[in-house]
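# Observations on the model geometry
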Amino acid sequence: MFRKSRKRIVAAIMSVLTLLWVGTLCVIYVSSFFEVSELNREMLKEHAQQYMLEKPVGGIFEPMKPFPGPGPHRDTNRFKLSTFYAVAISYGGDLLEVRNHQTAVYTDGELENLARQVMARKEPSGTAESLFYYRMDKGSYTLVAFMDNTILRQSMNTLFRYTLIFGGVAIAVLFFLAVYLAKKIVEPLEESYRKQKQFISDAGHELKTPISVVSANGELLSRQ
């Protein structure tokens, strides 16, 4: 009986702790992911707003100049270390320019194909493969700007993995703690039940002799 009670107490404690742990994990992971994702999208949007298709010099477009003046993301290390790509396409569908400083990761052709896929979508922003994208009408052409979110994914995966590891260890420790607490909770009940049984046994033993005498005298009287 008490063994079942201990098991139920342990199950109740572990259920509550597990729900709290899973809920906390979900809140931390989801809030962190959306916060960082939103920051990256804001930086990508600002990058697209600052983009300019300059006049060709010797048949080659000049590289994009540094952003003028301070801004919410311009002078931060995060903005400077982020990897951006840009594909400019005319209204007629002609490729005007591909700005790609990481050709080892994505070729110009791959970026162009991704940009044309993005132009066929209704959403002006979203994700394509491991990239955030933002589509913007620049007045005389359409710009599709990309930002690499590989680091974001790796960071979120690392956060999730270590949270699972340390959370699992914590749950195991809390399980043994729950077993100990359940034992301490049930101990007074077990002691009370044991004393009750002992009292009933002692009382029965003490009452056995007088009852036997009364019974024998009653039987004797009935015979007389």
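Every value quoted in this text rests on a predicted model; they were computed, and no experiment measured them. (Residues numbered from 1 in each chain as written. Predicted model: local features only at pLDDT ≥ 70, side-chain atom pairs only at ≥ 80, totals over all residues. Heavy atoms only, no water.)

### A look at the overall build of the protein chain
Looking only at helices and strands, the protein chain features four helices and seven strands. Each helix (α) and strand (β) of the protein chain, taken in turn from the N terminus, gives the series α-β-β-α-β-β-α-β-β-β-α. Here the protein chain holds 224 residues, and the buried ones make up 25% of them. Contacts in the protein chain between residues at least 24 apart in sequence constitute 61% of all its contacts with a sequence separation of at least 6. Accessible surface computed for the protein chain: about 15300 Å², of which carbon and sulfur atoms make up 62%. (Helix = DSSP H or I, 4+ residues; strand = E, 2+ residues; numbered from the N terminus. Buried < 20%, exposed > 50% of the residue type's maximum accessible area, 1.4 Å probe, protein only. Contact = heavy atoms within 4.5 Å. Areas by Shrake-Rupley, 256 points an atom, 1.4 Å probe, with all protein chains shown as cover.)

### A short note on helix α3 (residues 108-119)
Here α3 spans 16 Å end to end across twelve residues, near enough to the 16 Å set by a 1.5 Å rise per residue. Along α3, the positions that sit buried rather than exposed are Leu-111, Leu-114, Ala-115 and Val-118. Angularly, the buried residues of α3 cover 100° about the axis, an arc narrow enough to put them on a single face. Taken together, the buried residues of α3 touch β3 (84-90), β4 (95-100), β5 (125-128), β6 (131-137) and β7 (141-148). (Expected span 1.5 Å × (residues − 1). Arc of directions from axis to C-beta.)

### As for the environment of Lys-138
Mapped onto the elements, Lys-138 comes out in the loop between β6 and β7. A sequence separation of 89 residues divides Lys-138 from Gln-49, and the C-alpha atoms of the two residues are 8.5 Å apart. If we ignore the near neighbours within four places in the chain, the residues touching Lys-138 are Ala-48, Gln-49, Tyr-51 and Leu-143. From its side chain, Lys-138 meets the backbone oxygen of Tyr-51 in a polar contact 3.0 Å long. (Polar contact = N/O pair within 3.5 Å; in protein donor to acceptor, adjacent residues only side chain to side chain.)

### Quick notes on the pairing of β5
The alternating pattern of β5 places Gly-126 and Ala-128 on a buried face and Ser-125 and Thr-127 on a face that is not buried. Relative to β6, β5 runs antiparallel, the two being bridged by four bridges. By the bridge assignment, Ala-128 is partnered in β6 with Leu-131. Where β5 hands over to β6, the hairpin turn is made up of two residues, of which Glu-129 adopts a positive phi near 55°. (Pairing = 2+ DSSP bridges.)

### Quick look at a positive patch on the surface
On the surface, Arg-3, Lys-4, Lys-7 and Arg-8 cluster together into a patch of positive charge. Note that Lys-7 resides in helix α1 (residues 2-50). (Patch = residues over 30% accessible without salt bridge, like charges linked within 9 Å, V, L, I, M, F, W, Y side chains within 5 Å. Salt bridge = Lys/Arg side-chain N within 4 Å of Asp/Glu carboxyl O. Lys, Arg positive; Asp, Glu negative; His and termini not counted. Charge placed at Lys NZ, Arg CZ, Asp CG, Glu CD.)

### Thoughts on the pattern of salt bridges
All told, the structure shown has two salt bridges when counted by the stated rule. Between Glu-97 and Arg-99 there is a salt bridge, and its shortest N-O distance comes to 3.1 Å. For the residue pair Glu-97 and Arg-99, the accessibility class agrees, reading buried in each case. Salt-bridge contacts for Glu-112 lead to Arg-116; the nearest nitrogen and oxygen are separated by 3.1 Å. With Glu-112 and Arg-116 both in helix α3 and four residues apart, the pair spans about one turn of that helix. The partly exposed category is assigned to Arg-116, whose relative accessible area is 32%.

### Considering the confidence of the model for the protein chain
Residue-level pLDDT values for the protein chain average 76, and 76% of them are 70 or greater. Predicted confidence is poor over residues 56-70, with pLDDT under 50, and the contacts of this stretch with residues over four places away or in other chains come to 26 contacts. (pLDDT = per-residue confidence, 0-100.)

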